[in-house]
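These are the residues of each chain, in order.
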Amino acid sequence: MRFIQTHTGGEPTHIIVDANLDLGSGSMADRRKVFREKYDHIRTAITHEPRGSEVVVGAVLCEPTTPGAVAGVIFFNNVDVLWMCGHGTIGVAVALAHLGRIGLGRHQLDTPVGTVEFELFEGGRVTIKNVASYRHATNVPVEVPGHGVVHGDIAWGGNWFFLVSDHGQQLTLDNVDALTNFSWRIRQALEANNITGAEDGEIDHIELFGPPADSVNDSRNFVLCPGKAYDRSPCGTGTSAKLACLAADGKLQPGETWRQESIVGSLFEGRYELAEGQCIPEITGTAYVNGDVTMIFDENDPFRFGIPQN
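Residues numbered from 1 in each chain as written. Predicted model: local features only at pLDDT ≥ 70, side-chain atom pairs only at ≥ 80, totals over all residues. Heavy atoms only, no water.

Peer 1: Which residues make up the overall build of the chain, and what are the values?
Peer 2: When its secondary structure is counted, the chain shows 5 helices and 15 strands. The C-alpha atoms of the chain give 19 Å as radius of gyration, which agrees with the globular expectation for 310 residues (19 Å, within 12%). In terms of its C-alpha atoms, the chain occupies a principal-axis envelope of roughly 50 × 45 × 35 Å. A separation of at least 24 residues holds for 61% of the contacts in the chain among residues at least 6 apart in sequence. Each charge sign in the chain was given a centre, from 23 positive and 39 negative side chains, and these centres are 1 Å apart. (Helix = DSSP H or I, 4+ residues; strand = E, 2+ residues; numbered from the N terminus. Rg over C-alpha atoms; globule rule 2.2 N^0.38 Å. Contact = heavy atoms within 4.5 Å. Lys, Arg positive; Asp, Glu negative; His and termini not counted. Charge placed at Lys NZ, Arg CZ, Asp CG, Glu CD.)

Below, the structure written as structure tokens:
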């Protein structure tokens, strides 16, 4: 089984390009369910040690469901199947180009949350037009053990986020362990207090904001992903959620650019347009192909599908 390794702003995506899995002929949401139920060993094979790690986001390409789309894609990480992944979509774009399946210009990609448009430029630069994003609740208080009350916005950007600015933490790379611990306690506090997104959607991403390291940018973030690994990129769905909050507050107008740094210093440029009253984010970043790998599944290898996690 072959996968293309990419990274977007430092965040890796391993994209299976020849899986030939029987995912059925239903919607991408239906295919996501089939993958989750029948092929979890593929997920763990690519994201668990010894082949992967908690940092890796995986993707599997399949036939599209929408006429004109270049592919369908299902994203996953070390704990579960995802609904959407912004940095991963940018990685998929450059992987498809590497394979010779697409050229520069505009394309469509089918995902479990809808069809996403992207435009591929020279040098691996990609702009994705994400699904409609919105703020569900604002200034929500939660008591964080060992810290006290923090306030955050709950927003959808393709995944559910809790966005916090009043955290008092130093957003620097040498403080990652403390940021991880703090953000994980926020997530546990949200669960303990039954604080969710719309329709009881689990808030599985925590996003902290602070001033940028480079004054030409607007903000720096730290994003804790569902598997307790931090996002090396500024997070595509997280930046989309932030744009939805800025739009709701009137702090960013349609077409204006928001420059979002990640904790490692990589950059996404975000903007949005309004369509029928909905916030449609556009995220621009750069991805690179850094590997073309054939997975070998030796029947004598007890860890060919990954080391189980607790």
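Peer 1: Describe in detail unusual backbone geometry, supporting the description with residues and values.
Peer 2: In this chain, glutamate 49 is followed by proline 50 through a cis amide linkage whose omega measures 10 degrees. With respect to the helices, strands and loops of the structure, proline 50 is situated in the loop between helix H2 (40–47) and strand S3 (57–62).

Peer 1: Before we move on, can you summarise the environment of isoleucine 263 with the specific residues and values?
Peer 2: With respect to the helices and strands, the residue isoleucine 263 is situated in the loop between strand S13 (258–261) and strand S14 (267–275). Of the residues examined, isoleucine 263 reaches a relative accessible area of 1% and is grouped as buried. When the C-alpha atoms of isoleucine 263 and leucine 208 are compared, they prove to be 10.0 Å apart, with 55 residues separating the residues in sequence. (Buried < 20%, exposed > 50% of the residue type's maximum accessible area, 1.4 Å probe, protein only.)

Peer 1: Any chance you could break down the nonpolar core for me, citing the residues and the numbers?
Peer 2: Of all hydrophobic cores here, the largest spans 60 residues; its most connected members are Phe75, Phe162, Ile186 and Leu208. When neighbours within four sequence positions are excluded, leucine 208 is seen to be in contact with Val164, His167, Leu171, Leu179, Phe182, Ser183, Ile186, Arg220, Asn221 and Phe222. Membership of the second largest hydrophobic core comes to 15 residues, among which are Ile16, Ala19, Leu23 and Met28. (Core = buried A, V, L, I, M, F, W, Y, C linked by side-chain atoms within 4.5 Å.)

Peer 1: An account of the side chain of arginine 31 is requested, with residue identities and associated values reported.
Peer 2: Secondary-structure assignment places arginine 31 in helix H1 (residues 28–38). No salt bridge forms around the buried arginine 31; measuring N to O, its nearest opposite-charge neighbour aspartate 110 is 6.9 Å away. Residues within four places of arginine 31 in sequence aside, it is in contact with Leu23, Gly24, Ser25, Gly26, Cys62, Glu63, Pro64, Thr65 and Ile74. (Salt bridge = Lys/Arg side-chain N within 4 Å of Asp/Glu carboxyl O.)

Peer 1: Help me get a handle on helix H3 (residues 86–98), residues and values and all.
Peer 2: Between its first and last C-alpha, H3 extends 19 Å over 13 residues, near the 18 Å set by a 1.5 Å rise per residue. Taking burial as the measure, the 13 residues of H3 include 11 buried ones, the bulk of the element. Among the residues of H3, Gly86, His87, Gly88, Thr89, Ile90, Gly91, Val92, Ala93, Val94, Ala95 and Leu96 are the ones counted as buried. Just downstream of H3 lies glycine 100, where phi reads positive at about 80 degrees. (Expected span 1.5 Å × (residues − 1).)

Peer 1: How would you summarise the packing of H1 against H2 if you had to cite specific residues and measurements?
Peer 2: In a packed pair of helices, the relevant descriptors are the angle between the two axes and the axis-to-axis distance. Viewed as axis vectors pointing N to C, H1 and H2 meet at an angle of 75 degrees, and their least axial separation amounts to 5 Å. Viewed along their axes, H1 and H2 adopt a mutual orientation that is roughly perpendicular. Between H1 and H2, the residues in contact are Phe35, Arg36 and Lys38 and Asp40, His41, Ile42 and Arg43, respectively. Grouping the amino acids of the contact of H1 with H2 by side-chain chemistry returns 2 nonpolar, 1 polar and 4 charged. (Axes fitted to C-alpha atoms, helices over the stretch in contact; angles between N-to-C directions. Parallel < 35°, antiparallel > 145°, perpendicular 65-115°, else oblique. Nonpolar A, V, L, I, M, F, W, Y, C, P; charged D, E, K, R; others polar.)

Peer 1: Residue-level account of H1, with values.
Peer 2: By the burial criterion, the buried members of H1 are Met28, Arg31, Arg32 and Phe35. Within H1, the buried residues cover an arc of 105 degrees as seen down the axis, which keeps them to one side. Across H1 from its buried face, at more than 90 degrees, point the exposed residues Lys33 and Glu37. The inward-facing, buried residues of H1 contact H2, S3, strand S4 (71–76) and strand S5 (105–111). (Arc of directions from axis to C-beta.)

Peer 1: Account for the environment of methionine 1, naming residues and giving values.
Peer 2: If you trace the backbone, methionine 1 turns up in the segment before strand S1 (2–8). Using a relative accessible area of 25% as the deciding quantity, one classes methionine 1 as partly exposed.

Peer 1: Describe in detail the side chain of threonine 180, supporting the description with residues and values.
Peer 2: With respect to the helices and strands, the residue threonine 180 is situated in helix H4 (residues 176–192). By relative accessible area, which is 14% here, threonine 180 ends up buried.

Peer 1: Please set out the pairing of S13 residue by residue, giving values where relevant.
Peer 2: When strand S12 (residues 219–224) meets S13, the two strands line up parallel, connected through 2 bridges. Opposite serine 219, over in S13, you have glutamine 260 as the bridge partner. The handedness of the S12 to S13 crossover, carried by helix H5 (residues 236–249), is right-handed. The pairing of S13 with S14 spans 4 bridges and is antiparallel. Across the sheet, the residue bridging to tryptophan 258 is glycine 270, located in S14. The loop that links S13 with its antiparallel partner S14 comprises 5 residues; one of these, glycine 265, has a positive phi angle of about 100 degrees. (Pairing = 2+ DSSP bridges. Right-handed = clockwise from strand over helix to strand, strands pointing away.)

Peer 1: Could you give an account of the pattern of salt bridges, with specific residues and numbers?
Peer 2: This model, assessed by the stated rule, comprises 15 salt bridges. With its nearest N and O atoms 3.4 Å apart, the salt bridge here joins glutamate 119 to arginine 106. Of this pair, glutamate 119 sits in strand S6 (residues 114–120) while arginine 106 sits in strand S5, and the two are 13 residues apart along the sequence. Under the relative-accessibility criterion, arginine 106 is labelled exposed at 64%. In this structure, glutamate 202 and arginine 187 form a salt bridge, with 2.7 Å as the shortest nitrogen-oxygen distance.

None of the figures reported here should be taken as evidence of function without further support.
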